[in-house]
Every structure is written in structure tokens, then in C-alpha cells.
Amino acid sequence: MASGSQYDAIGAAYDAVKALPAARYAEIPTVRALLGDLTRLTVLDLGCGTGHYARICRELGATTVVGVDNSAEMI
Ligand SMILES: C[S@@+](CC[C@H](N)C(=O)[O-])C[C@H]1O[C@@H](n2cnc3c(N)ncnc32)[C@H](O)[C@@H]1O
């Protein structure tokens with residue numbers, strides 16, 4: 001299936017967004033706190049992009065994380 005997502009054009013550069021201060025000091029700590037303890041859970045990360053939060057879900061204890069994204073470049 002063809003991708004065609006608007007994110008295909010920025011996929012390679014997207015991870016740099018997570019290094020920006022707004023992400024490092026606000027977004028990421030907030031999402032981590034909201035997710036909490038995921039021990040033994042299975043997580044579906046819909047719109048996972050490059051997998052930043054999928055990896056965090058594993059760090060927080062999830063046994064299995066499935067990431068889905070309609071941008072081939074982001075994946
Ligand atoms: C703002 S990015 C966020 C990516 C990731 N969740 C993160 O926080 O780093 C939004 C993501 O949602 C994906 N997306 C948008 N619409 C989608 C759809 N209908 N099905 C699957 N993925 C979708 C995009 O390709 C993109 O990777």
C-alpha cells in the first residue's frame with residue numbers, strides 16, 4: 001500500500017523535534033507521568049511515528065508494544 005502521509009517528507013528529521021526544549025522539558029516528562037507504570041501491559045501506539053513513545057512504553061514496563069503508522073518514512 002502506498003504511504004502518501006504528509007509526514008513522509010519530514011520523517012528523517014522528525015526525531016530532532018524531540019530534542020527541542022519544549023519536548024525535553026515539557027512534552028516528554030508530561031507524557032511519561034501520564035503513562036505511569038505499564039508493567040506487564042500490552043500497548044498499541046497508534047501514530048507511533050519514529051517510535052519515541054513506543055520505546056518509552058517499554059522503559060515503563062510494557063511487555064509488548066505495537067506501533068502503527070501510515071507514514072513509511074516515519075516508521
Ligand atoms: C505528530 S506525529 C507524532 C509521532 C509520535 N507519536 C511522537 O509523538 O513522536 C503524528 C504521527 O501520526 C501519524 N498518523 C497520522 N494519521 C495517521 C493514521 N490515520 N494512521 C496511522 N498513523 C497516522 C503520522 O504519520 C505521524 O507519524
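Per chain, residue numbering runs from 1 following the sequence as it is written. With pLDDT at 70 or above as the cut-off, local features in this predicted model cover only qualifying residues; side-chain atom pairs require 80 or more to be listed or tallied, and sums for whole chains, interfaces and linings still use all residues. Water and hydrogen atoms were dropped before computing side-chain values, which therefore reflect all heavy atoms in the structure.

**Q** Before we go on, may I ask you to explain the site of the ligand in this structure?
**A** It suffices for a single heavy atom of a residue to lie within 4 Å of a molecule or strand for the residue to be listed as near it. Close to the ligand lie Ser5, Tyr7, Tyr14, Lys18, Gly47, Cys48, Gly49, Tyr53, Asp69, Asn70, Ser71 and Met74, which account for all nearby residues. N or O atoms closer than or at 3.5 Å make up a polar contact, with two conditions inside protein: a donor-capable atom paired with an acceptor-capable one, and, for residues adjacent in sequence, both atoms drawn from side chains. Within the side chain of Lys18, a nitrogen or oxygen atom sits 3.1 Å from an oxygen atom of the ligand. One nitrogen or oxygen atom from the side chain of Asp69 is found 2.6 Å from an oxygen atom belonging to the ligand. Protein chains bury 66% of the 600 Å² of accessible surface belonging to the ligand in isolation. Only the protein chains shown count as cover for residues, and all accessible areas are computed by the Shrake-Rupley method using a 1.4 Å probe.

**Q** Can you help me understand the nonpolar core in this one?
**A** Generally speaking, soluble globular proteins have nonpolar side chains that are buried together. For the purposes of this section, nonpolar cores are sets of buried Ala, Val, Leu, Ile, Met, Phe, Trp, Tyr and Cys residues that join through side-chain atoms within 4.5 Å. Relative accessibility decides the category of a residue: with a 1.4 Å probe and only protein chains considered, values under 20% of the type maximum give buried, values over 50% give exposed, and everything between is partly exposed. Ala23, Ile28, Leu38, Val43, Tyr53, Ile56, Cys57, Leu60 and Ala62 together form the largest nonpolar core, which totals nine residues. Segments assigned H or I by DSSP are reported as helices when at least four residues long, segments assigned E as strands when at least two residues long, and all are numbered from the N terminus. Among the elements of the structure, helix H1 (21-35) and helix H2 (52-59) are those that each provide at least two residues to this core. Of the residues forming this core, the biggest block, three residues, is contributed by H2. By the convention used here, residues are in contact when the closest approach between their heavy atoms is within 4.5 Å. Here Ile28 is in contact with Lys18, Ala23, His52, Tyr53 and Ile56, once residues within four sequence places are set aside.

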